[in-house]
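Chains, contacts and geometry: an overview
Single-letter residue listing:
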Amino acid sequence: MLRYADISMYAAKEQGGHRLCLYSESGDSAIHNRLLLHNALAKAFDRGEFSLDYQPIFDVRRGVWVGAEALLRWHSPEFGFVPPAVFVPFAEQWGMMQQIGAWVLQTACETAARWQRQNLRLRVSVNVSLSQMADPRFLDGVADALRRAQLPPDHLQLEVHASLLAQYADLIGDLAQDLDRMGVSVAIDDFGHGEAVLAALSAGSYDAIKLHPSLLSMAPEGERQERLMAGVVRLAHDLGMRAIAEGVERREQEMLLARTGCDEMQGFWKARPASAEDLADWSKRIAAEEGDTV
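Parameters at a glance
Residues numbered from 1 in each chain as written. Predicted model: local features only at pLDDT ≥ 70, side-chain atom pairs only at ≥ 80, totals over all residues. Heavy atoms only, no water. Core = buried A, V, L, I, M, F, W, Y, C linked by side-chain atoms within 4.5 Å. Buried < 20%, exposed > 50% of the residue type's maximum accessible area, 1.4 Å probe, protein only. Helix = DSSP H or I, 4+ residues; strand = E, 2+ residues; numbered from the N terminus. Contact = heavy atoms within 4.5 Å. Polar contact = N/O pair within 3.5 Å; in protein donor to acceptor, adjacent residues only side chain to side chain. Axes fitted to C-alpha atoms, helices over the stretch in contact; angles between N-to-C directions. Parallel < 35°, antiparallel > 145°, perpendicular 65-115°, else oblique. Left-handed = near helix turned anticlockwise from the far one by under 90°. Nonpolar A, V, L, I, M, F, W, Y, C, P; charged D, E, K, R; others polar. Salt bridge = Lys/Arg side-chain N within 4 Å of Asp/Glu carboxyl O. Expected span 1.5 Å × (residues − 1). Arc of directions from axis to C-beta.

**Looking at the nonpolar core**
- Counting 79 residues, the largest nonpolar core has Tyr-54, Trp-115, Leu-156 and Leu-158 as the members making the most contacts within it.
- The element best represented in this core is helix α4 (residues 97–117), accounting for nine residues.
- Every residue in contact with Leu-156, bar those within four places of it in the chain, is listed here: Leu-105, Cys-109, Arg-123, Val-124, Val-126, Val-142, Leu-146, Leu-151, Val-184 and Ser-185.

See the structure below:
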């Protein structure tokens, strides 16, 4: 009975507290699985189970590789490959995201610096969480990661999810201005999906918006969709920002982006995520075939 009561109490706390939760076998199983996930995630960092893949980003007009988005991966001995959409919300909830996020930032900066030494002049993009940005030491952490990696700040782009901008416009806007003074660019991720963020765009020095794949899902079905894409791209340009399309999976979508003036794109049509080493080798092969360097 005490164990059942403890499980119910744990469930009540997960739901914000100040509520009544009744024990059930299905709830027992769900909470047991979360406890297993919590224990595995707590050990994952020290056991070196995290890694980064990189999704290449291309200049639409020139067709050249200009950067890459760092993508966090977790391969757990207990659970196998765990998608970020599964474990990142728990890591945020359990207070682990600051440590993980700092590691991602440092590793991505070191990768970009290594690419530079290989004559690959690429910008690396790193997603940052709310808990990272709320930390008073966040800006110092960014500066320290750049210094330790010896990476010029204009080769780092931080990505903030649009839903966070809608809720924390002042905090993120101030940070964006400070990062701009450091020379680090800030992009708004998943723009065009979920809560509106138009009013918040004027609150900070943002350098790019990343268009949610849903904006391409219907394209190029008709003139109306093309006008929508052109309008979003024009909005970005009028505000002095680049427009980066995500989820590009077909040549027709690439052609649409070229017609509407979109600046950059990423997606399976051009390249799938891969390790830093594999991408460097891939770039060298492409350069050798074209008789040039990226």
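On we go from here.
**Regarding the side chain of Glu-264**
- When you line up the elements, Glu-264 lands in strand β9 (residues 264–265).
- A polar contact is formed between the side chain of Glu-264 and the side chain of Arg-123, at a distance of 2.6 Å.

**Focus: the packing of helix α6 (residues 138–149) against helix α8 (residues 169–182)**
- Across the interface, α6 lies against α8 with an axial gap of 11 Å and an inter-helix angle of 25°. The orientation of α6 with respect to α8, classified from their angle, is roughly parallel. Crossing handedness for the pair α6 and α8: right-handed. Here α6 contributes Phe-138, Leu-139, Val-142, Ala-143 and Leu-146 to the contact with α8, which in turn contributes Leu-175, Asp-178, Leu-179 and Met-182.
- When the residues that make up the contact of α6 with α8 are grouped by side-chain class, the tally is eight nonpolar, no polar and one charged.

**Re the pattern of salt bridges**
- This structure, assessed with the given rule, holds 17 salt bridges.
- The closest approach of N and O atoms between Asp-144 and Arg-148, which form a salt bridge, is 3.6 Å. Here Asp-144 pairs with Arg-148, and both are found in helix α6, just four residues apart, close to one helical turn.
- What makes Asp-144 partly exposed here is its relative accessible area of 27%.
- In this structure Arg-148 comes out as exposed when scored by relative accessible area, which is 52%.
- Close ionic contact of Lys-270 with Glu-254 constitutes a salt bridge, the shortest N to O distance being 4.0 Å. With a gap of 16 residues between them, Lys-270 in the loop between β9 and α12 (276–290) and Glu-254 in helix α11 (residues 251–260) connect regions that are remote in the sequence.

**Remarks on helix α10 (residues 223–238)**
- The terminal C-alpha atoms of α10, which comprises 16 residues, lie 22 Å apart, in line with the 22 Å expected from a rise of 1.5 Å per residue.
- Taken together, the buried positions of α10 are Met-229, Ala-230, Val-232, Val-233 and Ala-236. Looking straight down α10, one finds its buried side chains confined to an arc of 160°; they lie on one side. Counted as exposed and oriented over 90 degrees from the buried face of α10: Glu-223, Arg-224, Arg-227 and Asp-238.
- Contacts made by the buried residues of α10 are with β6 (185–191), β7 (208–211), α9 (214–217), β8 (242–245) and α11.

**Points about the side chain of Ser-129**
- Along the polypeptide, Ser-129 turns up in the loop between β4 (123–127) and α5 (130–134).
- The class of Ser-129 is buried, set by a relative accessible area of 10%.
- A distance of 3.4 Å separates a polar atom in the side chain of Ser-129 from a polar atom in the side chain of Glu-92.
- Ignoring any residue separated from it by four or fewer positions in sequence, one finds Ser-129 in contact with Glu-92 and Met-97.

**Here we look at the environment of Arg-121**
- On the secondary structure map, Arg-121 appears in the loop between α4 and β4.
- Residue Arg-121 is classed as partly exposed on the basis of its relative accessible area, which comes to 49%.
- Placed 56 residues apart in sequence, Arg-121 and Trp-65 show a C-alpha to C-alpha distance of 9.2 Å.
- Within the local environment of Arg-121, its side chain forms a polar contact with the side chain of Asn-119, the two groups lying 2.7 Å apart.

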